[in-house]
Amino acid sequence: MKLSAAALALPFLAATTSAFSTQRTFAVSKGSSAVNNKNVVLKDTAADLGLPCEDECALQSFPNLPPSVHPGVVTGEAMIDLLNHAKENGYAIPAVNCVTSSSINACLEAARKNDAPVIIQFSSGGSQFYAGKGLDNTNFKAAIAGAVSGAFHVRTLAEQYGVPVILHTDHCAKKLLPWIDGLLAASERYFESHGEPLFSSHMIDLSEEPLEENLEICQDYLGRMSKIGLLLEMELGITGGEEDGVDNSDVPLEDLYSKPEEIYQTYQALQPISDMYTIAAAFGNVHGVYSPGNVKLEPKILKNAQAYISEKLGDSAPESKKPVSFVFHGGSGSDQSDIQESIGYGVIKMNIDTDTQWSYWEGIKEFEAEYHDYLQTQIGNPDGPEKPNKKYYDPRVCLRSAEDNTVERLSRSFADLNCVNILGLGNPKDPENVMEPEQGSLMPKKGGLPV
């Protein structure tokens, strides 16, 4: 499936750029109340909030990407153009599960350093954590509020980093559908005033349900979502292992591998409604990381499915013979050859969670190991019994170590997915007005900015 934007295309609005804000164009669904409402101004977050927007933030597009793709959260036509570009040019976009503003910032920093787009996604549990574990989650109200809060954080800063971001939510089982319903309502409300949805896409994972029920529910959601330019990611088969409280470690082996007939049945069910969907087909994927030999990936399942559907489509099959856009779940710890092979068969997105969880923790662990003797008391360390330790236990310092380590780990993921030097911006400039610590100290010079 080559995603098209025909159903979303609108004439471009006049765009203006200033030193403090930039107003970009957005392609949205025809016939919507937002489009028909003359009071709606389609603009980016910086213009909406009156934030400074200079240099890369103010770009209307990127040198190497379709003109619709811009800095910040991309939805509708821009998102589709970006995913098609990935498929046509042999790369996949890393999709990272985030649970804090710090982990979001690490993703944005890594994306800019690699001159690439990124997908930032929230699970229901991660969304609840973002809101705060002290907040009641009856009827998923904390998970809804947390995801919406995270979405606004991403929207505010993605433009400032000058990278395109797809804002996504991860696995949503049948029991979690009220969570997605709340997020859809938020996107529909946002669409009325901004001309685009709050999020870019949502995943609905009904792989544990009968296939017919899975498809029927996905059809309903795709019909609703595509009206405002939201993309649906659906799952076939089961991703093994354990993640976010869902344990599939004991599922039958055959459930870890999708069949071409099932993928074609999905294509038949969803394509007449909209082409704004992707399929997370199972080809032995497992959440978590395991010793070599314990996970048997079969990327050729994707190849066989593409060939099977292309044969069914006959002359209407795309020239690439890749009618389906696939998602790679359980990507952490995967062999590089399996990753490369799957990209060749139409994978445009790979989920990363376990590896970045470890990298974040490893950054803190290494910081603690280096400064252990300075982190045991508020006062007193190897430099003297009266020496204060505030500059060591300031949480910004160890969290920055976690971010640095995660940026480094994500850079390997970008490289593994061929997702480097995609935007055409080159290396980022070093940030200015960021005071560096004195030599041998963790804190800035007197009068400077905090660490």
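Keep in mind it's a predicted model, so treat the numbers as computed, not measured. (Residues numbered from 1 in each chain as written. Predicted model: local features only at pLDDT ≥ 70, side-chain atom pairs only at ≥ 80, totals over all residues. Heavy atoms only, no water.)

Brief notes about the overall build of the protein chain
Selection criterion: Numbering of helices and strands starts at the N terminus; helices are DSSP runs of H or I of at least 4 residues and strands are runs of E of at least 2. Relative accessibility under 20% of the residue-type maximum defines a buried residue, over 50% an exposed one, and the middle range a partly exposed one, all with a 1.4 Å probe and only protein chains included. Using a 1.4 Å probe, accessible areas were evaluated by the Shrake-Rupley method; residue-level cover was limited to the displayed protein chains.
Within the protein chain one finds 14 helices and 16 strands. Sorting the 451 residues of the protein chain into buried and exposed places 54% on the buried side. As presented, the protein chain carries roughly 20,000 Å² of accessible surface, and 52% of it is formed by carbon and sulfur atoms.

Some points on the pairing of strand E16 (residues 384-388)
Short version of the rule: In this analysis, strands are considered paired if DSSP registers two or more bridges between them.
The pairing of strand E15 (residues 379-381) with E16 spans two bridges and is classified as antiparallel. Of the residues in E16, the one forming a bridge with Asn381 is Gly384.

Here's the deal with empty space enclosed by the protein
A probe matching the size of a water molecule, rolled over the atoms, marks out where space remains unfilled. For clarity, the threshold we go by: Put simply, the grid is 1 Å and covers the protein atoms alone, a cavity is a trapped set of points that fit a 1.4 Å probe, a pocket is an open set with protein on both sides within 12 Å along at least five of seven lines, and lining residues have an atom within 4 Å of a point. Grid points are joined across faces, edges and corners, and a volume is the space filled by probe spheres set on the points. Under this grouping Gly is polar, as are all residues other than the nonpolar Ala, Val, Leu, Ile, Met, Phe, Trp, Tyr, Cys and Pro and the charged Asp, Glu, Lys and Arg.
Under the counting rule described, the total for this entry stands at four cavities of 30 Å³ or more. What the largest cavity holds in volume is close to 90 Å³. Every residue lining the largest cavity is listed: Met79, Leu83, Ile119, Ile166, His168, Ser201, Leu231, Glu233, Thr278, Val327, Ile348 and Lys349. If you list the elements that add at least two residues to the lining of the largest cavity, you get helix H3 (76-89), strand E6 (164-169), strand E8 (231-236) and strand E14 (347-352). For the lining of the largest cavity, the residue count by class is seven nonpolar, three polar and two charged.

Notes on helix H5 (residues 124-131)
Formally: Two residues form a contact once any of their heavy atoms are found within 4.5 Å.
The set of residues buried in H5 consists of Ser124, Gly126, Ser127, Gln128 and Tyr130. Elements in contact with the buried residues of H5: helix H4 (101-113), strand E5 (118-122), helix H6 (141-161) and helix H7 (177-194).

Considering the confidence of the model for the protein chain
To keep things clear, this is the line we draw: Summary of the metric used: pLDDT quantifies the predictor's per-residue confidence within the range 0 to 100.
Mean pLDDT over the protein chain works out to 86, with 80% of the residues at or above the 70 mark. Low pLDDT, under 50, characterises residues 25-41; the predicted model gives this stretch 41 contacts beyond four residues in sequence or across chains. Note on residues 240-249: pLDDT under 50 across the span, and 26 contacts to partners over four residues away in sequence or across chains.

Describing the packing of H4 against H6
Packed helix pairs are specified by the crossing angle of their axes together with the interaxial distance, meaning the distance between the axes. Threshold: Angles here are taken between N-to-C directions and fall from 0 to 180 degrees, while the axes themselves are lines fitted to C-alpha atoms, restricted in helices to the stretch in contact. Any angle from 65 to 115 degrees is called roughly perpendicular, while one under 35 is roughly parallel, one over 145 is roughly antiparallel, and all others are oblique. Crossings are assigned a handedness: left-handed for a near helix turned anticlockwise from the far helix by less than a right angle, right-handed for a clockwise turn.
H6 packs onto H4 with a crossing angle of 30° between their chain directions and a minimal axis gap of 10 Å. Here H6 runs roughly parallel to H4, going by the angle between their axes. Note that H4 runs across H6; the crossing there is right-handed. Where H4 abuts H6, its residues Ser101, Ile104, Asn105, Leu108, Glu109 and Arg112 lie against Gly150, His153, Val154, Leu157, Ala158 and Tyr161. Counted by class, the contact of H4 with H6 contains six nonpolar, four polar and two charged residues.

Things to note about the side chain of Ser102
Counting through the fold element by element, Ser102 comes out in helix H4. What makes Ser102 buried here is its relative accessible area of 9%. If we ignore the near neighbours within four places in the chain, the residues touching Ser102 are Tyr360, Leu399 and Glu403.

Some remarks on unusual backbone geometry
We note that Asn139 has phi near 60°; this positive angle belongs to a residue other than glycine. Residue position: Asn139 is located in the loop between H5 and H6. Phi angles above zero are rare outside glycine, and Phe140 is one such case at about 65°.

Some words on helix H9 (residues 260-270)
Three- or four-residue spacings in an α-helix give side chains the same orientation, since the helix completes a turn every 3.6 residues. Those residues of H9 not exposed but buried are Ile263, Tyr264, Thr266, Tyr267, Ala269 and Leu270. Taken together, the buried residues of H9 touch helix H8 (211-226), E8, strand E11 (277-281), helix H10 (300-313) and strand E13 (326-328).

Observations regarding the packing of H7 against H8
Across the interface, H7 lies against H8 with an axial gap of 11 Å and an inter-helix angle of 15°. Classed by the angle they form, the pair H7 and H8 counts as roughly parallel. Two packed elements cross with a definite hand, and for H7 against H8 that hand is left-handed. Contacts from Leu177, Ile180, Asp181, Leu184, Ala185 and Glu188 in H7 reach Ile217, Tyr221, Arg224 and Met225 in H8. Residues that form the contact of H7 with H8 fall into these classes: seven nonpolar, no polar and three charged.

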